Amino acid sequence: MTLTCDTQRETILVVDDNFGIRGFAKVVLENAGYTVITAADGEEALRLHEKHQSSIALMLTDVVMPNLNGFELAARVLEIDSQLPVLFMSGRYAGIVFRGLECLAKPFRPTELVEKVSRALNVSAQTTSAVSGAVR
């Protein structure tokens, strides 16, 4: 089964200290048509976000990581780019909501990952469209 996104290529920043999960998410999302940048921890993610901010459409981050956890990372990134959709993933904190942001339960199936990412991007696009329509 091939999963594809029906939008232009969008860049996803995937952050996880587990090499296997990071690689799995990258392959699944690239097969769905997304461009993927990966980071092994929150500090690397901050550097990559700074470098690629204009092209990143969504950040998918693990919650539990050394040094800078996913919540701290999201808070720092959202200070810079408050419109960036953030999707958390965690085996420990599945089902939580942080600042209105969902958490994808690990382990996840490829279809779950693509559906959650697509939904987060669509919600963001609808919000942006509604705001720009109201400004006109």
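Residues numbered from 1 in each chain as written. Predicted model: local features only at pLDDT ≥ 70, side-chain atom pairs only at ≥ 80, totals over all residues. Heavy atoms only, no water.

Draft legend 1. Molecular detail of the environment of S55. Residue placement: S55 occurs in the loop between α2 (42-52) and β3 (56-62). On the basis of relative accessibility, which here comes to 37%, the residue S55 falls in the partly exposed class. Sequence separation between S55 and E10 is 45 residues, and the spatial gap between their C-alpha atoms is 7.5 Å. (Helix = DSSP H or I, 4+ residues; strand = E, 2+ residues; numbered from the N terminus. Buried < 20%, exposed > 50% of the residue type's maximum accessible area, 1.4 Å probe, protein only.)

Draft legend 2. Broad picture of helix α1 (residues 19-31). Look at α1: 18 Å from first C-alpha to last across 13 residues, which is about the 18 Å you get at 1.5 Å a residue. Turning to α1, its buried residues number three or more, namely R22, A25, V28 and L29. Taken down its axis, α1 places every buried residue within 135° of arc, on the same side. When the buried face of α1 is taken as reference, the exposed residues oriented beyond 90 degrees from it are F19 and N31. Its side-chain oxygen placed 2.8 Å from the backbone nitrogen of G20, N18 serves as the N-cap of α1. Phi for G33, located one or two positions after α1, is positive at around 105°. (Expected span 1.5 Å × (residues − 1). Arc of directions from axis to C-beta. Polar contact = N/O pair within 3.5 Å; in protein donor to acceptor, adjacent residues only side chain to side chain.)

Draft legend 3. Representation of the packing of aromatic side chains within the structure. Counted by the stated rule, this structure contains 2 aromatic pairs. Seen from their ring centres, F24 and F108 are 5.9 Å apart, and the 40° between their planes marks the pair as tilted. With F24 in helix α1 and F108 in the loop between β5 (103-105) and α4 (110-135), this residue pair connects regions lying 84 residues apart in the sequence. On the basis of relative accessible area, F24 is assigned to the partly exposed category, the value being 34%. Taking 5.2 Å as the distance between ring centres and 65° as the angle between the ring planes, the aromatic pair formed by F71 and F88 counts as edge-to-face. Placement of the pair is F71 in helix α3 (residues 70-80) and F88 in strand β4 (residues 86-90), with a sequence separation of 17 residues. (Phe/Tyr/Trp six-rings, centres within 6.5 Å; stacked < 30°, edge-to-face > 60°.)

Draft legend 4. Broad picture of unusual backbone geometry. In this chain, K106 is followed by P107 through a cis amide linkage whose omega measures -5°. Mapped onto the elements of the fold, P107 is located in the loop between β5 and α4. If you check the backbone angles, N67 has positive phi at about 70° while not being a glycine. With relative accessibility at 62%, the residue N67 sits in the exposed group.

Draft legend 5. Summary view of the sheet that holds strand β1 (residues 11-15). Taken in spatial order, the 5 strands line up as β2-β1-β3-β4-β5 in an open sheet, and their pairing is parallel. Each edge of the sheet is formed by a strand with only one pairing partner; in this case those strands are β2 (35-39) and β5. Taking the axes of each pair of neighbouring strands and ignoring which way they run, one obtains an average angle of 25° across the sheet. As judged from the 3 bridges shared by β4 and β5, these two strands associate in the parallel manner. In the strand pairing of β5, M89 is matched with L104. In the packing of α1 onto the sheet, the strands contacted are β1, β2, β3 and β4, and the crossing angle to β2 comes to about 170°. (Pairing = 2+ DSSP bridges. Axes fitted to C-alpha atoms, helices over the stretch in contact; angles between N-to-C directions. Contact = heavy atoms within 4.5 Å.)

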